[in-house]
Amino acid sequence: MGTIKMNRAKSAAAAISYALGRNRMKSETKEWLIEHGCPPGALKNNDRAVVRSGINISPTYANAEMKAVRQHANGDTIKNQAIRIIQSFAADDLDITNPEDWHICNEIGYEFARRAFGGLDDENQDGYYPPYQIAVYTHVDGKGHKLHNHIIVNKTNLNDGKQWIVDNLNEEWRSFREINDAVCREYGLEITQERSKKVKKTISERELELKGQYVWKNDLRARIDDALAEIKKKNINLEDSLKARGVDVRRRGQNGISYAFVDKEGKKRISRGKRLGTIYERKSVDEYEEGIKQQRAERAREAARSVRFESRQQAITAVRTHQQQLEQSIGASRGRIERAGARKQSLTTLVRSLQQAINRSIALIKRLRADFERRKAEMKRFQVKMRKFDVKSYQDLVQQMRLVAEHEQKSKKTAPEAIVAVTLRDKLPENSSNQLIAATADMTRYLVMIDQGTWSGGQFEFSAKEKETLANATPEQLKKINGIAKRQARRLSGVVDKAVEQQKKNAERLRAINQGKKRYRR
């Protein structure tokens, strides 16, 4: 979108010299343009005006031609010789690094100037070109790097030599702005729907701004803006905020408002709100303050609702937290109960196991006791059988055992081997027919072979009669004999041991008796 600014120029020569800018293109500008894609060949000369055009004048010699017209009309004695218009374009509309856009920019400035100063729409009519000398210079320099035109208009009319006079320059500027919008729209540039009138500035204010001079109304507007911004952030009224900034505000009637302050130059200034802009008028200020009050009330209500909501949320959160803690406690209790149940089950199992072990132990003790009683009975029966033998047989047994003991002492055999020697048939005399010795051998044979494990490496030698009997036995009979032998060996093991011990004791007693007899004989 293109924008325009207007001001009066006391010296047309100075305005043209600045706009033409011979050899005044800065090297920094050239470097920036080339760095951002501008062709170096487009910047051959060093003039600030990269494109120039003119209406009823040559833009290169505009200073001399305008001066000649003024001198011919009135001797070049007018106070303000020219009107200067600056037409700027945004970077989105025209590319400052594209030389083609430079020419488009100059064409837009040319067409705007032609229409603004009285040119007709029909090119075939005589009044198509306005009766003024106008030079259009296109620049590519400046801090903002935006394409802009400097349009210099000589105020002397070519037809009658009179000066271009406007009763209200501000109103004329608004009409120029509408023409500028129409031209920009024809060239495809974007135009805003409605320009803001919030801030009203006179031509004099704009001229002072262009010169960089102090404008007291801008100072007043800035103070009011700061006060309006402060009352929005803080709980303070407009009067107090303005007073803190050295501004007194007065409301008069229903629509009137004025602002008074002392500017930087020490002068007391007073201005009505409508002269500063629509946002500074009584209606706008009152609506602004009312809006702030409503916002504060709404924020207070929101804060109250937020407090209630937060309280409700805190209560809900507390209930949920308590519920979670309760569930965790129940879970922990359930776990403890389960662990206690498991321990109880383990203890029950252990008690049962101990009870079963005790029962097994009691049964084993009973079996051992019964076995002991059975062995004791067998021993008694064995002793009874032994007593039935006559003394001579008993003496033969004692003598046989003495011989075996002597043999054992010579061969250094262990006690079990001595018992084996006593019981084996190959250790007895061939003509022995002592029934006690034979019975003892028969009973202890199983002990030697199975229980005591003293038989190793050799084969038991049965008698011929026994061998014949075993050879004629069936497998079932042999199996039954083997079982009987094992049971008899286990049963008679203790009996034989006790019998042997008893035999030793008897032998010792007999030996003592014999020694006594010998002494008696002496």
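Predicted, not measured: the structure shown is a model, and the values here were computed from it.

A.B. asks: Which parts of the structure should I look at to understand the overall build of the protein chain?
C.D. replies: In terms of regular secondary structure, the protein chain is built from 15 helices and 8 strands. Residues counted as buried form 33% of the 522 residues belonging to the protein chain. Taking contacts inside the protein chain between residues at least 6 apart in sequence as the whole, the part at least 24 apart equals 66%. For the protein chain, the exposed surface amounts to about 33,700 Å²; the carbon and sulfur share of it is 50%.

A.B. asks: Which parts of the structure should I look at to understand the packing of aromatic side chains?
C.D. replies: Where two aromatic rings form a pair, the distance of their centres and the angle of their planes describe that pair. Inspection of every chain in the model, using the stated rule, returns 6 aromatic pairs. Ring plane angle 90° and centroid distance 6.1 Å describe the contact between Phe112 and Phe176, whose orientation is recorded as edge-to-face. Residue Phe112 is located in helix α4 (residues 99-116), and its partner Phe176 is located in helix α5 (residues 169-186); the two are separated by 64 residues in the primary sequence. Accessibility classification places Phe112 together with Phe176 in one group, the buried group. For the pair Trp216 and Phe261, a centre-to-centre distance of 6.4 Å together with 35° between the ring planes defines the contact as tilted. Remark: Phe261 occurs in strand β7 (residues 256-262) and Trp216 occurs in helix α7 (residues 216-233); sequence separation between them is 45 residues. Joined through ring pairs, the aromatic side chains of Phe112, Phe117, Tyr132, Trp164 and Phe176 make up one cluster. One cation-aromatic arrangement involves Arg48 over Tyr18; the distance from NZ or CZ to the ring centre is 4.2 Å.

A.B. asks: Could you clarify how one ought to interpret the sheet that holds strand β5 (residues 148-154) in this entry?
C.D. replies: In sheet architecture, strand pairing relies on hydrogen bonds along the backbone and comes in two forms, parallel and antiparallel. Taking strand neighbours across the sheet as the criterion, the 5 strands line up as β1-β3-β5-β4-β2 in an open arrangement whose pairing is antiparallel. In the strand order of this sheet, the two ends are held by β1 (2-9) and β2 (49-55), each with one partner. Shown here is a sheet whose adjacent strand axes are inclined to one another by a mean of 15°, direction ignored. With 6 bridges joining them, β2 and strand β4 (residues 134-139) adopt antiparallel strand pairing. Across the sheet, residue Ser53 finds its bridge partner in β4, namely Val136. Sheet strands touched by α4: β1, β2, β3 (82-89), β4 and β5. Its angle to β2, the strand with the most contacts, is close to 25°.

A.B. asks: Hey, could you run me through unusual backbone geometry in this one?
C.D. replies: If a residue is not glycine, its phi is most likely negative; likewise, a peptide bond is most likely trans. The phi dihedral of Asn23 falls on the positive side, at around 55°, and the residue is not glycine. Mapped onto the fold, Asn23 is located in the loop between α1 (12-20) and α2 (27-35). Under the relative-accessibility criterion, Asn23 is labelled exposed at 63%. With a phi close to 60°, Asn56 is a non-glycine residue in the positive phi region. Assignment of secondary structure puts Asn56 in the loop between β2 and α3 (62-74).

A.B. asks: Quick question: what am I supposed to make of the sheet that holds β7 here?
C.D. replies: The 3 strands are arranged β6-β7-β8 in an open sheet whose pairing can be described as antiparallel. Strands at the two margins of the open sheet, each flanked by one partner only, are β6 (247-252) and β8 (268-272). Going across the sheet, the axis of each strand differs from the next one's by a mean of 20°, ignoring polarity. Pairing analysis gives 6 bridges linking β6 to β7, with the strands arranged antiparallel. In the sheet register, Asp248 faces β7, and the bridge partner there is Ala260. The strands touched by α7 within the sheet are β6, β7 and β8, with β7 carrying the most contacts at an inclination of about 110°.

A.B. asks: Teacher, can you tell me more about α7 here?
C.D. replies: The periodicity of an α-helix, 3.6 residues per turn, causes residues three or four positions apart to be oriented the same way. Compared with the 26 Å implied by 1.5 Å per residue over 18 residues, the 26 Å span of α7 between its first and last C-alpha is a close match. When we look at burial in α7, the residues that qualify are Trp216, Lys217, Asp219, Leu220, Arg221, Arg223, Ile224, Ala227, Leu228, Glu230 and Ile231.

A.B. asks: Just to check I follow, could you spell out the pairing of β5 for this structure?
C.D. replies: Regular strands place their side chains on alternate faces of the sheet. Judged by how many residues are buried, β5 sits mostly within the fold: 7 of 7 residues are covered. Burial along β5 is two-sided: the face carrying His148, His150, Ile152 and Asn154 and the face carrying Asn149, Ile151 and Val153 are both buried. Note: β3 against β5, 7 bridges, orientation antiparallel. By the bridge assignment for β5, Ile83 is matched with Val153. Taken together, the 6 bridges between β4 and β5 define a ladder with antiparallel strand orientation. Each residue of the ladder has a partner; that of Val136, found in β5, is Ile151.

A.B. asks: How do you make sense of a positive patch on the surface when you look at a structure like this?
C.D. replies: Taken together, the side chains of Arg250, Arg252, Lys268, Arg272, Lys274 and Arg275 make up a positively charged region of the molecular surface. When contributions to the positive patch are tallied by element, the ones reaching two or more residues are β6, β8 and α9 (273-276).

A.B. asks: Can you help me understand the environment of Pro130 in this one?
C.D. replies: One can find Pro130 in the loop between α4 and β4. By relative accessible area, which is 1% here, Pro130 ends up buried. Residues Pro130 and Ala116, 14 residues apart in the sequence, show an inter-C-alpha distance of 8.6 Å. Residues contacting Pro130, with those up to four places away along its chain left out, are Ile55, Asn56, Ala113, Arg114, Phe117, Gly118 and Gly119.

A.B. asks: Explain the pattern of salt bridges here, please?
C.D. replies: Between side chains of opposite charge, a pair can form as their charged atoms come close. Applying the stated rule across the entire model yields 15 salt bridges. Of the charged contacts in the structure, one is a salt bridge between Asp219 and Arg223, with a shortest N-O distance of 3.2 Å. Separated by 4 residues within a single helix, Asp219 and Arg223 lie in helix α7, roughly one turn from each other. Across the salt bridge formed by Glu230 and Lys234, the nearest N and O atoms sit 3.8 Å from each other. The exposure class of Glu230 is buried, given its relative accessible area of 17%.

Definitions and cut-offs
- Residues numbered from 1 in each chain as written.
- Predicted model: local features only at pLDDT ≥ 70, side-chain atom pairs only at ≥ 80, totals over all residues.
- Heavy atoms only, no water.
- Helix = DSSP H or I, 4+ residues; strand = E, 2+ residues; numbered from the N terminus.
- Buried < 20%, exposed > 50% of the residue type's maximum accessible area, 1.4 Å probe, protein only.
- Contact = heavy atoms within 4.5 Å.
- Areas by Shrake-Rupley, 256 points an atom, 1.4 Å probe, with all protein chains shown as cover.
- Phe/Tyr/Trp six-rings, centres within 6.5 Å; stacked < 30°, edge-to-face > 60°.
- Lys NZ or Arg CZ within 6 Å of the ring centre and 35° of its normal.
- Pairing = 2+ DSSP bridges.
- Axes fitted to C-alpha atoms, helices over the stretch in contact; angles between N-to-C directions.
- Expected span 1.5 Å × (residues − 1).
- Patch = residues over 30% accessible without salt bridge, like charges linked within 9 Å, V, L, I, M, F, W, Y side chains within 5 Å.
- Salt bridge = Lys/Arg side-chain N within 4 Å of Asp/Glu carboxyl O.
- Lys, Arg positive; Asp, Glu negative; His and termini not counted.
- Charge placed at Lys NZ, Arg CZ, Asp CG, Glu CD.

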